[in-house]
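Listed here are the chains, written in short residue letters.
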Amino acid sequence: LRKALELRQQNDSIATVPLSQWRIHVCSENNFPTAAGLASSASGYAALVSALGTLYKLPQTTSELSRVARVGSGSACRSMFGGFVAWQAGVADDGNDSLAVQVASREHWPELQALILVASDKKKAISSTAGMQTTVETSALFAERVRTVVPQRMEDMKAAIAARDFPRFAEITMRDSNQFHAVCLDTYPPISYMNDTSRAIAGLVHAFNASRGRVAAAYTYDAGPNAVIYALSADMRELVELVTYCFPREDCVLPEAFYPDPFSVFASPDQVGLHLSDPAVVKLAETIGKFPAGSVRRIIHTEVGDGPRVLPASQSLLNDAGMPKRARE
């Protein structure tokens, strides 16, 4: 994208060529598992649509362009924005009003962070699209969820975000995740995206909240086994300490590859000891115990993002010849 924009500005002969005749070379990369229930398609399609919109100087708003992104991946429409975003179902027969709108900017709630626990980086046996199609056709619970549950929860979630009410935000998040997977099990044949590690992580979050005497963390699972745990920055260190104790890395995985470790929780390179700073976390960790090494393959610590953006040429995925810098064999 950056190289195309530079050529357009520097070469008058290229600038006179109709945009409809331009040939576009697309290169896309993810730094997390693909097709594993972590919305890799959402980031990819949102980046693609945003890049094309910038390149062609399209007059549509971000919300209008989100309709294009959702053709490739439904959740991609939300990724067109930064901050907190809602996907409006719409009521029009042609789906023209099914688009994304920003509920709040990332600056609205900077304390909110996320911990992604990769329980499996393998491609799912059942894709999100195929699974949803079967659910729509066979699940009796799905119709009730769409008709009454989701509309109310959307409004409740918007209110929780507006008020920065984490306990309310967390309860809605976990209840909705639980119900989504209940609907998957109500599908015929049933679909089970979560595995033993997924369920163990959910139990750990509830135990963490109980030890705190408040709702300090929330889990959610998309169509896959990998967990996203939300917590405020004040509770994130203790949560990381608990997770790294209960889900130790495999010996062959370097600490920095398993988790970048900004809180310095690893006391030694071989992870024999961990820095558990909170006595309550130590007690809880010992009560829960350790799960088999490698049950969680990787931990990603992140925060609310700012949406698609144009990067400098130095970060281009293409070389000067227009070919990918990192091509798979």
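Calculation notes
Residues numbered from 1 in each chain as written. Predicted model: local features only at pLDDT ≥ 70, side-chain atom pairs only at ≥ 80, totals over all residues. Heavy atoms only, no water. Helix = DSSP H or I, 4+ residues; strand = E, 2+ residues; numbered from the N terminus. Rg over C-alpha atoms; globule rule 2.2 N^0.38 Å. Buried < 20%, exposed > 50% of the residue type's maximum accessible area, 1.4 Å probe, protein only. Contact = heavy atoms within 4.5 Å. Areas by Shrake-Rupley, 256 points an atom, 1.4 Å probe, with all protein chains shown as cover. Pairing = 2+ DSSP bridges. Axes fitted to C-alpha atoms, helices over the stretch in contact; angles between N-to-C directions. Phe/Tyr/Trp six-rings, centres within 6.5 Å; stacked < 30°, edge-to-face > 60°. Lys NZ or Arg CZ within 6 Å of the ring centre and 35° of its normal.

Novice: Help me out: how do you make sense of the overall build of the protein chain in this one?
Specialist: From N to C terminus, the protein chain includes eleven helices and six strands. The C-alpha radius of gyration computed for the protein chain amounts to 22 Å, which stays within 12% of the reference 20 Å derived for 329 residues, consistent with globular compactness. Reported as C-alpha extents along the three principal axes, the dimensions of the protein chain are approximately 70 × 50 × 40 Å. For the protein chain, the proportion of its 329 residues judged to be buried stands at 38%. In the protein chain, once contacts between residues fewer than 6 apart in sequence are set aside, the share between residues at least 24 apart is 67%. Of the accessible surface of the protein chain, which amounts to about 18000 Å², a share of 53% is contributed by carbon and sulfur atoms.

Novice: What is the right way to look at the sheet that holds strand S3 (residues 112-118) in this model?
Specialist: Strands in a sheet are paired, the pairing made by backbone hydrogen bonds, and the direction either parallel or antiparallel. Taken together, four strands build an open sheet; the order of strands is S4-S5-S3-S6 and the sheet is antiparallel. The open sheet has two free edges, formed respectively by strand S4 (217-221) and strand S6 (298-303), since each of these has just one partner strand. Averaged over all adjacent pairs, the angle separating strand axes in this sheet is 25 degrees, with direction ignored. Direction of pairing for S3 relative to S6: antiparallel, over a ladder of six bridges.

Novice: In this structure, what is going on with the side chain of Glu 241? I would like to understand it.
Specialist: Structurally, Glu 241 is set in helix H9 (residues 233-246). Discounting chain neighbours no more than four positions away, the residues touching Glu 241 are Val 265, His 275, Leu 276, Ser 277, Asp 278 and Val 281.

Novice: Just to check I follow, could you spell out the packing of aromatic side chains for this structure?
Specialist: Any pair of aromatic rings gets described here by the distance separating the centres and the angle formed by the planes. Applying the stated criterion across every chain yields a total of seven aromatic pairs. Taken together, a centroid distance of 4.7 Å and an interplanar angle of 5 degrees make the contact between Phe 247 and Phe 291 stacked. With Phe 247 in the loop between H9 and helix H10 (255-258) and Phe 291 in the loop between helix H11 (279-288) and S6, this pair connects stretches of sequence that are 44 residues apart. Grouping aromatic residues by their ring pairs yields a cluster made of Phe 84, Trp 109, Phe 166, Phe 169 and Tyr 230. The ring of Tyr 245 has Lys 290 sitting right over it, with the charged end atom 4.9 Å from the ring centre.

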